[in-house]
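Architecture and fold: a report
The residues making up each chain are set out below.
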Amino acid sequence: MKTAGKALEKAEKVAIMIHGRGASDESILSLSDHLNLEGFALIAPQAPGNTWYPYSFMATDSSNEPAFSNAIKMLDGVVEDLESKGFKSEQIFFIGFSQGACLSLEYATQHAKKYGGVIAFTGGLIGEKLNRDKYKGDFGGTKVFIGSSHRDMHVPLSRIEDSTELIQKMGGNVKTLIFEDANHTIRQEELEWVNENILQ
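Computed from a predicted structure; not experimentally measured.

The rules behind the values
Residues numbered from 1 in each chain as written. Predicted model: local features only at pLDDT ≥ 70, side-chain atom pairs only at ≥ 80, totals over all residues. Heavy atoms only, no water. Helix = DSSP H or I, 4+ residues; strand = E, 2+ residues; numbered from the N terminus. Rg over C-alpha atoms; globule rule 2.2 N^0.38 Å. Buried < 20%, exposed > 50% of the residue type's maximum accessible area, 1.4 Å probe, protein only. Contact = heavy atoms within 4.5 Å. Lys, Arg positive; Asp, Glu negative; His and termini not counted. Charge placed at Lys NZ, Arg CZ, Asp CG, Glu CD. Axes fitted to C-alpha atoms, helices over the stretch in contact; angles between N-to-C directions. Parallel < 35°, antiparallel > 145°, perpendicular 65-115°, else oblique. Left-handed = near helix turned anticlockwise from the far one by under 90°. Nonpolar A, V, L, I, M, F, W, Y, C, P; charged D, E, K, R; others polar. Expected span 1.5 Å × (residues − 1). Pairing = 2+ DSSP bridges. Salt bridge = Lys/Arg side-chain N within 4 Å of Asp/Glu carboxyl O.

For the protein, the count of helices and strands is five helices and seven strands. For 200 residues, the compact-globule estimate of 2.2 N^0.38 gives 16 Å, and the C-alpha radius of gyration of the protein, at 15 Å, lies within 12% of that figure. Taken over the C-alpha atoms alone, the protein extends approximately 40 × 35 × 35 Å along its principal axes. Across the 200 residues in the protein, those meeting the buried criterion constitute 50%. Pairs at least 24 apart in sequence give 78% of the contacts found in the protein among residues at least 6 apart. Taking the average location of the 20 positive side-chain charges in the protein and that of its 27 negative ones, the two points are 3 Å from each other.

This is the structure we're talking about:
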């Protein structure tokens, strides 16, 4: 796990930045160069073996265990530590790409409350099927962003749409930006929207 930005004791906001499959804590922190994160403390957990869970986020639930549950517990520990230091949920932001975007959405929706924001660059809720019973709480109007290709090689548009519907029913204020290209990437338009609407 790496940290950057402001020291926790001086920061008023914290961004938990979650890397994608095959990437690293250091690589996701480099995204901060393109986001309005001045004044934030940045926390970037590192996945064991650079992957949070071994198979697709839509594989059978059992096939991604115990790694998936361990990843959720890890994030829970980070959030609990921040809360013990006096941070309120409204001061906590989640930012992830690809596998990290899926994990950001999944953790926040399993523990829905008023967060500072949830930013998912190409991701959706995790599971072979969406099991609505595992999601609890109320987002209280939290701004949630999901950006992706309309035919991403890893994240079907249908799962983004289903995730959006579920999060909205739980009080999330969801914005999706879906692009005509087939690239598995983070686009300038996504960065600009997030900077202007969530990280302003």
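A separate point is the packing of helix 2 (residues 67–84) against helix 3 (residues 99–110). Interaxial distance between helix 2 and helix 3 falls to 10 Å at its minimum, and their mutual angle equals 65 degrees. Between helix 2 and helix 3, the angle is such that the two are roughly perpendicular. Two packed elements cross with a definite hand, and for helix 2 against helix 3 that hand is right-handed. Packed against helix 2, whose contacting residues are Phe68, Ala71, Ile72, Leu75, Asp76 and Val79, the element helix 3 presents Leu103, Glu106, Tyr107 and Gln110 at the interface. Taken together, the residues of the contact of helix 2 with helix 3 break down into seven nonpolar, one polar and two charged.

Before going further, it helps to spend a moment on helix 4 (residues 157–169). Under the 1.5 Å per step criterion, the end-to-end length of helix 4 is 19 Å for 13 residues, consistent within 8% with the ideal 18 Å. Within helix 4, burial applies to Arg159, Ile160, Ser163, Thr164, Leu166 and Ile167. On its buried face, helix 4 is in contact with helix 3, strand 6 (143–149) and strand 7 (173–179). At the exit of helix 4 stands glycine 171, carrying a positive phi of roughly 95 degrees.

A separate point is the environment of histidine 154. Mapped onto the elements of the fold, histidine 154 is located in the loop between strand 6 and helix 4. Classification of histidine 154 as partly exposed rests on a relative accessible area of 44%. Taking the C-alpha atoms as reference, histidine 154 lies 8.1 Å from histidine 184; in sequence the two are 30 residues apart. Sequence-distant contacts of histidine 154, that is, excluding residues within four places in its chain, are made with Phe57 and His184.

Before going further, it helps to examine the sheet that holds strand 6. Sheet architecture is open: seven strands sit in the order 1-3-2-4-5-6-7, paired in mixed fashion. Because the sheet does not close on itself, it has two edges, and the strands there are strand 1 (2–5) and strand 7. On average, each strand axis in the sheet is inclined to that of its neighbour by 15 degrees, with strand direction left out of account. Alignment of strand 5 (residues 117–121) against strand 6, held across four bridges, turns out to be parallel. What sits directly across from alanine 120, in strand 6, is isoleucine 146. Along the sheet face, helix 4 touches strand 6 and strand 7 and points at about 165 degrees away from the line of strand 7.

Evaluation of the coordinates by the stated rule reveals seven salt bridges. With a shortest N-O distance of 2.9 Å, lysine 85 and aspartate 81 are connected by a salt bridge. You can call aspartate 81 partly exposed: its relative accessible area is 35%. It is possible to trace a salt-bridge network through shared partners that takes in Asp181, Arg187 and Glu190.

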